[in-house]
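Understanding the architecture of this molecule
Here is how the chains run, residue by residue.
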Amino acid sequence: MMTGQNSVCKQMPNSVKGFLPLLLLSALLISCTHQVVKDSLPVKDAASVKGTSTSRGTKLPARFGVGRMATAEEVRAWNIDVMPDGTGLPPGSGTVDQGEKIYRVKCAACHGATGVEGPFDRLVGRDWGKNFDFGINRHLTKTIGNYWQYATTLYDFIHRAMPQNAPGSLKPDEVYSLVAYLLYRNQIIQRDEVMDAQSLPEVVMPAHGRFVPDDRKGGPEVR
Amino acid sequence: MRDHKRPLPLTIEDHLSPSPGQKLTRRQVLKSALAVVGASMLMPFTPAFALSQESGTTPPDPTRIVGSVPSEIGSRSPFEHPHRHVFKPLPSSWSMTPLEDLYGIITPSDLHFERHHGGIAEVDPHRYKLLIHGMVEREMVFTLNDLKRFPAQSRICFIECSGNGSAGYYTDTMPTHITPGELDGLTSTSEWTGVPLELLFREVGIQPGASWFLAEGGDAAVMTRSIPLEKAYEDAMIVYAQNGEALRPAQGYPARLLLPGWEGNTQIKWIRRIEVADRPFMTREETAKYTDPLGNGTARMFSFVMDAKSIITFPAYPAVLPDKGWWEIRGIAWSGRGKIVRVDISTDGGKQWFPAELQQPVLPKCHTRFRAVWKWNGKQAYLMSRAMDETGYVQPTLQQLIAARGPATYYHTNNIRAWKVKQTGEAVFGLGDLI
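As a starting point, this report considers the structure included with it. (Residues numbered from 1 in each chain as written. Chains lettered and ligands numbered in written order. Predicted model: local features only at pLDDT ≥ 70, side-chain atom pairs only at ≥ 80, totals over all residues.)

A word on the overall build of chain B
Check the secondary structure of chain B and you find nine helices and 24 strands. For chain B, the residues scored as buried account for 50% of the 435 residues in total. Considering only intrachain contacts with a sequence separation of at least 6, the fraction spanning at least 24 residues in chain B is 72%. (Helix = DSSP H or I, 4+ residues; strand = E, 2+ residues; numbered from the N terminus. Buried ≥ 20, exposed ≤ 12 C-beta atoms within 10 Å, placed from the backbone. Contact = placed C-beta atoms within 7 Å.)

As for unusual backbone geometry
Residue Pro119(A) is reached from Gly118(A) by a cis peptide bond, and omega for that bond is 15°. Mapped onto the elements, Pro119(A) comes out in the loop between helix 5 (108-111) and helix 6 (144-147). The omega torsion of the bond from Met162(A) to Pro163(A) falls at -10°, within 30 degrees of zero and hence cis. Among the structural elements, Pro163(A) can be located in the loop between helix 7 (151-161) and helix 8 (172-185). You will see that Phe132(A), though not glycine, has its phi angle at about 55°, which is positive. Examined against the element boundaries, Phe132(A) turns out to sit in the loop between helix 5 and helix 6. For Phe132(A), a count of 22 C-beta atoms within 10 Å corresponds to the buried category. Even without a glycine there, the phi angle at Tyr411(B) is positive, about 75°.

With respect to the nonpolar core
Judged by nonpolar contacts, the single largest core of 148 residues is most densely connected at Leu154(A), Val179(A), Ala180(A), Leu147(B), Phe213(B), Ile238(B) and Ala255(B). Top element by residues in this core is helix 8 of chain A. It accounts for nine residues. In this view, Leu147(B) contacts Leu130(B), Phe142(B), Val195(B), Ile238(B), Tyr240(B) and Ala255(B); residues no more than four positions away in its chain are not counted. In terms of nonpolar packing, the next biggest core, distinct from the first, is built from five residues, Trp94(B), Met96(B), Phe113(B) and Cys161(B) among them. (Core = buried A, V, L, I, M, F, W, Y, C linked by C-beta atoms within 7 Å.)

A short note on the sheet that holds strand 16 (residues 309-314) of chain B
All names here are of chain B. Strand order in the open sheet formed by four strands is 16-17-21-20, with antiparallel pairing between adjacent strands. Because the sheet does not close on itself, it has two edges, and the strands there are strand 16 and strand 20 (357-358). Here five bridges tie strand 16 to strand 17 (residues 325-334), and the two strands are oriented antiparallel to one another. Directly across from isoleucine 311, in strand 17, lies its bridge partner isoleucine 332. (Pairing = 2+ DSSP bridges.)

A word on the interface of chain B and chain A
Opposite the 75 residues of chain B that make contact, chain A presents 59 residues. By residue class, the composition of the side of chain B that touches chain A is 38 nonpolar, 19 polar and 18 charged. When strand 1 (residues 68-69) of chain A meets strand 5 (residues 140-143) of chain B, the two strands line up antiparallel, connected through two bridges. Across the sheet, Arg68(A) pairs through a bridge with Val141(B), a residue of strand 5 of chain B. (Nonpolar A, V, L, I, M, F, W, Y, C, P; charged D, E, K, R; others polar.)

Details of the packing of helix 4 (residues 96-106) of chain A against helix 8 of chain A
All names here are of chain A. Contact geometry for helix 4 and helix 8: axes closest at 7 Å, N-to-C directions at 100°. By the angle between their axes, helix 4 is roughly perpendicular relative to helix 8. On helix 8, the residues that touch Val96, Gln98, Gly99, Glu100, Ile102 and Tyr103 of helix 4 are Glu174, Ser177, Leu178, Ala180, Tyr181 and Tyr184. Looking at the contact of helix 4 with helix 8 residue by residue, the class counts come to seven nonpolar, three polar and two charged. (Axes fitted to C-alpha atoms, helices over the stretch in contact; angles between N-to-C directions. Parallel < 35°, antiparallel > 145°, perpendicular 65-115°, else oblique.)

Observations regarding the sheet that holds strand 18 (residues 340-346) of chain B
Residue and element names in this part refer to chain B. Spatial strand order, 19-18-22-23-24: five strands in an open sheet with antiparallel pairing. Strands with a single pairing partner mark the edges of an open sheet, and in this sheet they are strand 19 (354-355) and strand 24 (427-429). Pairing of strand 18 with strand 22 (residues 381-389), which is carried by six bridges, proceeds in the antiparallel orientation. Note on strand 22: the bridge partner recorded for arginine 342 is methionine 388.

Below, the structure is given as structure tokens:
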């Protein structure tokens, strides 16, 4: 979620100053990728696109006076998304041990006892062949550990959509715990690491940096 | 009445060996047509256009018995039973439009393809609201009646899932007995009506520096995608009507996002929230799912636009041509980048190509019907279609696409298809023979 106009940079809490070097490196990696994606995409900001509105815009009023203002509570209730810099992560925390317990009860039936058995999406695994070979090897399965770019997306998705038979039912501590457990099982964090709003955005996923913007443009070239 | 100034369509033979200034005369066409009609009188139910049930319960002479009365809701003839192909009856699954059973370009609303990730949401239109917030001047809520009050627009365009047609890409598992719908049925065309998103953004006011927005659905998947703000000012809409009536629940009742030409997943159904921002949100769908692995150790993100594609829907499996002679090759072509300008047909597996007729009007980012009259000589033939769009992009061969993406990529597999018509008249998917 965005918390107003100046949410791009946040203050670093005292608790993470000890990890500052790793923090800075991770933040740099994350912001670099953001910048690459943002600058590479042909996106205009609001000021430059307003001039391209259609001819009917010249006859219509600037506003119609239809609709009503949203209440802060309405926005709060639905504003559940989590961004890669951690914006939107709620208070709370979770451990790998707690996550293991919850996983067994709420997740194993669909994703398998160890996250590989199915019958639905495989969650655990680090195999990507020699070099992220998903484009040349059909037998590789995409998992959290070999394909997900952001650990924060894991929080966002589990909270909003999982488990499938009770979406949105997990509390923040439960989601943090499941995220911790799945990151541990994918060999991305240590067993004793605690996941919360400060530590989660610092996790660097193995697949981070493997993704490129779409360079197809139509025309005679096949890309 | 035919416009006598417009020449009749050329046949495939005309294209292959044209005589200078040749045009079919009306007499020639009538002679051919009579031959076909004569043949079909000997075989009243030709397998080529098979019906779903045999005669039985209808009166032998309808002129002798009064028929049924008008009704509030119409229904199809009991002889017609077009239906979607359902992959699995699960919340995260899909159903495919039976392309081979349709005519023209409109997909009947109850045959529109589906792709759901959390099942079909049941939304009460009285309680429905769309929240727009974030980098806006005014954070606002709109009811369904509010959305309908705004100046409206209608547009006929396709929606296609980016995973459509993947069965026709992998050389080691090429199918044969697959219908056009089972192969490429994750695409449909409707007339959509709603409010341009640009007008809603003017109502809330977009702050300087904004460049993306999150679209979020009110379904159990609470589906989210990040969309560049530019698309809102191009042709994005919030639509509430489909083919003249309210949106179907399976297509997002009471309102969905429409992004003409873009992959279906981005066109959020049961849309409940839009959050304007200055960067993408990196949702699960756009990072872990709808990404296209390439053969060079990377994967493509934000591959929004659906490239040009075409498929012959007749003759195609399971049609059986009962007779050699005159037939019409038919199919649909479309491009997310604009209009289809040309569809070429080959009947010999890609050696020679000639242009098909395009049904007018050709609309941008919309299914386009193509047709080509063909005299089948009874020998085995490989029928292929190749679309070109207004950007000059040509639908690639399988080999071209594999070279560009890698043999195991996923999504956006729009390579040329091929149907083998055997000497028996049976049509099967034949791309596997040509690779």
